Structures are given as structure tokens and as C-alpha cells.
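One-letter residues, chain by chain:
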Amino acid sequence: MKKKIVVGMSGGVDSSVAALLLQRQGYEVIGVTMQLWREESGPDGAEEGSCPLSAAEDAAKVARQLGIPHYVIHFEREFRVHVVDYFVSAYLEGRTPNPCIACNRYIKWESLLEKSRELGAEGIATGHYARIGRTADGRYAVCNSASAGKDQTYALYRLTQDQLAHTRMPVGEYSKEEIRALAEEIGLSVASKPDSQEICFIPDHDYGRFIERDMGRRMPEGNFVTKDGRILGRHKGIARYTVGQRKGLGLAMGEPVFVMEIRPETNEVVIGTPEDVFTDRLVCKNLNFMAWEGLDEPRRAKVKIRYSHPGAWATVRLTAPDRMECVFDEPVRAVTPGQAAVCYDGAYVACGGEIVRTKH
């Protein structure tokens, strides 16, 4: 009897080819599209996202081409609680969240795994550009994809050992060009569908407007200040800014200036020079250990501080049961509270946590 597996199908080429590859490996594939957000949420043609009707229709069409069953499952409530509410509250607290990390942990894995068990499947699969390996001591860990340009391991650091044990990521063995070629080879309707960009539930990228609409009121304005408290001007609400930001400040200073800190307790946005946005250390919380079981003593790791960051060498150590400090060999730019610090041990994700504090 063939083993069953549930593939999360977004209607894009990556998850569609993931279903194709697993079918070729002999699995009985079941396609599932997650309906996450009711509002109009993304341009037609976006690959990953909140799965509006067009995405579900594309996924259903691919499922028909592959001859597999397809279901649309509603996770709007879970998405609202774990992703949207978290996103809004984090910005209002002066942090810059990564909602994809929360979505992966609580929606694309936790909820989808629960549904896969109801369907009698052994696990789930996704179209992420990453691979799952096992360390010498038997721990599961996400590791870099074959295509460095599309590597998505950073956003997967919060997955648990149980989730990883029941997950397949077949796309991680290929480059994006190879995935499109496989789709074209059998005439999949989504072979040339463009990739999605930015956050799926804010297609116009105006985070401030989204947050104000969600709150039902305007954010209070406040002061732009220097690090020693000198007032430079007025800002339009702290959720419109992030550490390292230069554009859109509306300050005529005669030289480049950047956001170096956000202070929600005083509703201030702190402005500094290019040098002020560099720091050699950070502290993070909500730790998740993956390739490493724990951190009994200081260790060396390459640490990524945002999705697009290439990583920088640091010494990492625990300062409390749920606090990890990363001290970088060289100062890094724009360490941002709310983003993740993800530690790599070679190709493996070792651990990670949410950045809560930096030291300038």
C-alpha cells in the first residue's frame, strides 16, 4: 500500500512540483490549500500567500492535472490569532516582526499536520527551498537547500522535532530554474507563475495603513529624537518605522540619517548616523533548538539577523534559561528587535530566537 502524504499547495509552482516529485516517489499525494485570510490579499499570480480564490483554483487545477485529490481547508481563525494579531501588536510595541516565521510554526505545520493525521497520512510536504537532515546524535534539523539563492531555512527555525520528523521538502534538492523546468515538462498550468513578494495579507506593502485599519484608529504621532534626546521633528506613528530605515523619514538633516531605535514607552523614534546602526551584540528570547539540543557552554555559529542577511560569525551563549546572547566578531548593521537571530552550525540550523535587545 502506498504511503499517504499531504502537500500544502499554495497554487504556485514550488508546491505544485513538490506534489509531482512525491507522486513520482510513489506516495499517495493529497493536496490541501489553506484558506487563511478573507480580505482581498495579493495580486493574482502571487505564489505563496493567503490563498485567495484564485490560488485555490490554481491548486485545484494542478491537482486535476496530477490526478490527486484536493481540499480547501479554512484556517482563518488560527491565522488571525497567531499571525495577524501578533504582527499588529509587535509593531505597536516597537518591534519589526516576521509573520512568515509564526505562520510556518503555527499554521503551515501545526494545523496542517493535525489535518494530515485526520486524513490518515504519515506527514506533510511543502514547497520550501530547504532540506531536512539528521545530526550525528539523531536530531532533526533544517539544512540549506541545493540552491543558495532561494534558501528559506531562516524562516523555518521554529519548527519542532516532531514537526520535522513528519515533513518532506522535496523542492530543496533543486534550483528554481529546475523546478520551473519540471513544471513545464509536464505542462503544469502554473509553470511560469511569478513568485510572491512581501507579506501575503498586505499586498500594497503599507504596513502602517493596515495596522490603523485593523485597530480602527490612527496611530499617535510622536517625536523623532537624537540618542541624547534632542527633538528633530515629528513622526507619523512608530509602526511606520524600523531599525536601519533611511527613506521616508521626512527629515532634512543635510546628511544621511537612519532609525537606530524605537521607544514605544515614550512614542519616540531615535535617529542616528550610519555608524549608530551598527552593533556587536544582541539578546534573543523564545528560543528553539534544532540541530543543537541545548547550549551548555558558549559556541561558535554563523548568525543571520534577517532573511536576506548572509550571516556573520559570532559566539553565542545562554544568559538565562530562555535568553541567548550573540557577540559578533565584527559589528553588524541594523539588528532589529522582533526579527529572528538564527544560528547555523555548518549547513544546519542549530537554534534561533526572537531579537529583544541590542547594545550599541
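Residues numbered from 1 in each chain as written. Predicted model: local features only at pLDDT ≥ 70, side-chain atom pairs only at ≥ 80, totals over all residues. Heavy atoms only, no water.

*Asks:* Can you tell me about the pairing of strand 14 (residues 312-320), naming the residues and giving the values?
*Replies:* As paired strands, strand 13 (residues 299-304) and strand 14 are joined by five bridges and run antiparallel to one another. Of the residues in strand 14, the one forming a bridge with R300 is T315. Bridge count between strand 14 and strand 15 (residues 323-333): six bridges; the pairing is antiparallel. Paired with T315 across the bridge in strand 15 is V327. Turn length for the strand 14-strand 15 hairpin, with the two strands adjacent in sequence and antiparallel, is two residues. (Pairing = 2+ DSSP bridges. Helix = DSSP H or I, 4+ residues; strand = E, 2+ residues; numbered from the N terminus.)

*Asks:* How would you explain helix 6 (residues 176-185) if you had to name every residue and give the values?
*Replies:* Since one α-helical turn is 3.6 residues long, residues separated by three or four positions face the same way. Considered for burial, the residues of helix 6 that qualify are K176, I179, R180, L182 and A183. End-on, the buried residues of helix 6 take up no more than an arc of 155°, which puts them together on one face. Exposed side of helix 6, more than 90 degrees from the buried face: E177, E184 and E185 are the residues found there. Buried residues in helix 6 make contact with helix 1 (13-24). Positive backbone phi, approximately 75°, marks G187, located one or two places after helix 6. (Buried < 20%, exposed > 50% of the residue type's maximum accessible area, 1.4 Å probe, protein only. Arc of directions from axis to C-beta. Contact = heavy atoms within 4.5 Å.)

*Asks:* Describe the side chain of S16, with residues and values.
*Replies:* Counting through the fold element by element, S16 comes out in helix 1. Among residues more than four places away in sequence, those in contact with S16 are M9, V62, L66, L188 and V190.

*Asks:* How would you summarise the sheet that holds strand 10 (residues 258-263) if you had to cite specific residues and measurements?
*Replies:* Through backbone hydrogen bonds, the strands of a sheet pair up, either in parallel or in antiparallel fashion. As summarised here, the arrangement of the four strands in space is 9-8-11-10, forming an open sheet in which the pairing is mixed. A strand with exactly one partner marks an edge of an open sheet, and here the two such strands are strand 9 (231-235) and strand 10. Strand-to-strand twist across the sheet, computed as the mean angle between neighbouring axes with direction ignored, equals 30°. Taken together, the five bridges between strand 10 and strand 11 (residues 268-272) define a ladder with antiparallel strand orientation. Within the sheet, the bridge partner assigned to R263 lies in strand 11 and is E268. (Axes fitted to C-alpha atoms, helices over the stretch in contact; angles between N-to-C directions.)

*Asks:* Just give me the short version of a negative patch on the surface, but keep the residues and values in it.
*Replies:* Negative charge collects at one region of the surface, where D137, E293, D296 and E297 lie side by side. Among the secondary structure elements, D137 is positioned in the loop between strand 5 (131-134) and strand 6 (140-143). (Patch = residues over 30% accessible without salt bridge, like charges linked within 9 Å, V, L, I, M, F, W, Y side chains within 5 Å. Areas by Shrake-Rupley, 256 points an atom, 1.4 Å probe, with all protein chains shown as cover. Salt bridge = Lys/Arg side-chain N within 4 Å of Asp/Glu carboxyl O. Lys, Arg positive; Asp, Glu negative; His and termini not counted. Charge placed at Lys NZ, Arg CZ, Asp CG, Glu CD.)

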